[in-house]
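# Observations on chain architecture
Next come the chains, spelled out residue by residue.
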Amino acid sequence: MQMRMDYNNMMAAQIGTQGLTQADFDAMREKIAFASRMMAEKRPAMAWRELPHNQAEIVADINAYVAEMKDEIDAFVVLGIGGSALGPMAVQQALNHPFYNELPRAQRGFPKLYVVDNVDPERLTYLFQTIDPTRCLFNVISKSGSTSETMSQFMIIKALLEEKMGKEAARRRIVCTTDAEKGNLIKIAQEENYKYYIVPDGVGGRFSQLCPVGLLPAAFCGIDIAGLLEGAAQMDTLCAGPDIFANPAYMFAALHIIALQKGKNITVVMPYADSLKYISDWFAQLWGESLGKHFDLDGNVVNVGQTPVKALGVTDQHSQVQLYAEGPYDKIIVLIGVDEYRETLTIPRLYTDMPSLGFLGGVTHNDLIKNEQLATEYALTKASRMNMTLTLPRVTPQTLGQLLYFFEVATAYAGYLLNIDPFDQPGVEEGKNATYALFGRPGYEAKKQEMSNAPQKDAKYVM
Ligand code: PA5
């Protein structure tokens, strides 16, 4: 089973002057050659590219750990933010029952999953009113081992568990995922004798779904993690060559960057499947954080990026598609379709005397959602709006692994087409550092000074 990409509706032959022609690709020839060269040269440093091929031991360890722990706990709770939260949520939603946590345990077979990424004080407080923390396994995920949100959650939970269970028993309720050397979390994990997994060097937060960051939560929800990696490996084979016309991920990136140069500042990712709704959230971080950059690789100020927008078919047909079809010509709409849904639902033959309802009788929701996707594609194309379609034969661990890896490779390639570093996030670090300074963390005195030098707010602009 292989994911497919159809980009006909990006081209002038379908949408006229708003579309791309061979001349657009020709004009990008040098940038394309540069990006393909960078992807090959930098591959040894891109450890995330090897994850589909080198996680067999980790998978065995994780599966053994799940077997050992799963019946001891009611819920697996992820404490993490950014890549550490969005990936686990997206994969679980894609592959499990949509109301997974509400199913009886016997039907689920595995613990519930909660992902606590925000530090809104209501979040953890209400979670503790919902679950018994002594019956949970808390997975503290932080590549840097120092992110305030995650580490503060860890501190609250450690204290609570030790108070309720004692230090020894509490130890079994915490598992860490972090860098092998950097940050405090690895030191804490080793000192406290917590079980821990390593985020390999060269695997940044948003590229980490196929390492223990994503694999451990997925396995605790009963997901076939070897299948995810198998699908990613298949996509690696498909996306290995330098030629964009034979490499779907490179082509996806090239289409987006050429379109960006023509004023398409927004890309909307719109799956026609509830199961893929959170893939759009995961993609939004990947695309936004990787490509939104101030400097290029030569140190020039460029301020590039393309804004990712999340939508859901058919829901957003009744909310956003009016804007996509008739608003400014500033968007690409990426529809994600599914050939075969996991369930079939038939509409009964009622109201046969009412033509506006009768036609639905005997039709399946499967056909309805598919035809609505085709209808949206038609409407967008008729309105000369750039759109393209990714199709998964079914949503399975393999096809999902293909999709995740496809987006990762496309994002990296898009970064090099823009001549920026897709793997850093100085804008995020700036916010993290400003938070440390606000709390007077040692080492951030200069940042605190810089912040106090910023212009004071004027009361006349406060209403
Ligand atoms: O993609 C990234 O690198 C970031 O979004 C991180 O995932 C996020 O900031 C959390 O960082 P960390 O894993 O170091 O706690």
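Residues numbered from 1 in each chain as written. Predicted model: local features only at pLDDT ≥ 70, side-chain atom pairs only at ≥ 80, totals over all residues. Heavy atoms only, no water.

## As for the packing of aromatic side chains
Throughout the structure, instances matching the rule amount to 20 aromatic pairs. Between Tyr65 and Tyr197, the ring centres sit 6.3 Å apart and the planes meet at 50°, which makes this aromatic pair tilted. Of this pair, Tyr65 sits in helix 5 (residues 56–69) while Tyr197 sits in strand 6 (residues 195–198); the two residues are 132 residues apart in sequence, bridging distant segments of the chain. Like Tyr65, the residue Tyr197 is buried in the burial classification. Measuring from ring centre to ring centre gives 6.5 Å for Trp282 and Phe407, while their planes differ by 50°; the resulting arrangement is tilted. Of the two residues, Trp282 is situated in helix 15 (residues 277–291) and Phe407 in helix 19 (residues 397–417); the sequence distance between them amounts to 125 residues. Looking at Trp282, the relative accessible area reads 1%, which means it is buried. Grouped by ring-pair contacts, the aromatic residues Phe252, Trp282, Phe283, Trp287, Phe406 and Phe407 constitute a single cluster. (Phe/Tyr/Trp six-rings, centres within 6.5 Å; stacked < 30°, edge-to-face > 60°. Helix = DSSP H or I, 4+ residues; strand = E, 2+ residues; numbered from the N terminus. Buried < 20%, exposed > 50% of the residue type's maximum accessible area, 1.4 Å probe, protein only.)

## Concerning the site of the ligand
Ser142, Lys143, Ser144, Thr147 and Gln285 are the nearest of the 14 residues found near the ligand. Between the ligand and the protein, one listed contact pairs an oxygen atom with a side-chain N or O atom of Thr147 at 2.5 Å. In the model, an oxygen atom of the ligand is placed 3.4 Å from a nitrogen or oxygen of the Gly205 main chain. The set of elements that each furnish at least two residues to the shell around the ligand consists of helix 6 (83–95) and helix 15. Along the lines of polarity and charge, the residues of the shell around the ligand split into one nonpolar, nine polar and four charged. (Near = heavy atom within 4 Å. Polar contact = N/O pair within 3.5 Å; in protein donor to acceptor, adjacent residues only side chain to side chain. Nonpolar A, V, L, I, M, F, W, Y, C, P; charged D, E, K, R; others polar.)

## A short note on the nonpolar core
If you look at the biggest cluster of nonpolar residues, it comprises 114 residues, and the most contacted ones within it are Phe252, Leu276, Leu390 and Phe407. No other element matches helix 19, which puts 13 residues into this core. The contacts of Leu276, once residues within four sequence positions are left out, are Ala94, Pro271, Ile336, Val338, Leu392, Val395 and Leu400. Residues Ala75, Ile131, Phe138 and Tyr194 belong to the second largest nonpolar core, which totals 21 residues. (Core = buried A, V, L, I, M, F, W, Y, C linked by side-chain atoms within 4.5 Å. Contact = heavy atoms within 4.5 Å.)

## Structural notes on the sheet that holds strand 10 (residues 307–310)
With mixed pairing, the five strands of this open sheet are ordered in space as 1-12-11-7-10. With partners counted over all chains shown, the strands left at the sheet margins are strand 1 (4–6) and strand 10, one partner each. Between one strand axis and the next, the sheet turns through 20° on average, direction left out of account. Here strand 7 (residues 266–271) pairs with strand 11 (residues 331–338) via six bridges, running parallel. The partner of Thr267 across the bridge, within strand 11, is Ile332. Against the sheet, helix 14 (residues 248–261) contacts strand 1, strand 7, strand 11 and strand 12 (386–392), and its axis sits at roughly 160° relative to strand 12. Contacts between helix 19 and the sheet are confined to strand 1, strand 11 and strand 12, with strand 12 contributing the most and set at about 145° to the helix. (Pairing = 2+ DSSP bridges. Axes fitted to C-alpha atoms, helices over the stretch in contact; angles between N-to-C directions.)

## Concerning the sheet that holds strand 2 (residues 75–79)
Strand order in this open sheet of five strands is 3-2-4-5-6, and the pairing throughout is parallel. The open sheet terminates on both sides in strands that have one partner only, identified here as strand 3 (112–116) and strand 6. Direction aside, the axes of adjacent strands within the sheet are offset by 20° on average. As paired elements, strand 2 and strand 4 (residues 136–142) share five bridges and run parallel to each other. Counted as the bridge partner of Val78 is Asn139 from strand 4. The sheet strands contacting helix 8 (residues 121–130) are strand 2, strand 3 and strand 4, and the helix crosses strand 3 at an angle near 165°.

## Overview of a nonpolar patch on the surface
Taken together, the side chains of Leu350, Tyr351, Met354 and Leu357 define a hydrophobic patch exposed on the protein surface, amounting to about 390 Å² of accessible area. Here Leu357 is to be found in helix 17 (residues 355–358). (Patch = residues over 30% accessible without salt bridge, like charges linked within 9 Å, V, L, I, M, F, W, Y side chains within 5 Å. Areas by Shrake-Rupley, 256 points an atom, 1.4 Å probe, with all protein chains shown as cover. Salt bridge = Lys/Arg side-chain N within 4 Å of Asp/Glu carboxyl O.)

## Quick look at the pattern of salt bridges
One pass over the full model with this rule turns up 30 salt bridges. Salt-bridge contacts for Asp71 lead to Arg105; the nearest nitrogen and oxygen are separated by 3.6 Å. Of this pair, Asp71 sits in the loop between helix 5 and strand 2 while Arg105 sits in helix 7 (residues 105–108); the two residues are 34 residues apart in sequence, bridging distant segments of the chain. The class of Asp71 is exposed, set by a relative accessible area of 58%. Its relative accessible area of 27% is what places Arg105 among the partly exposed residues. When salt bridges with common partners are traced through the structure, they connect Arg43, Arg49, Glu50 and Asp236 into a single cluster.

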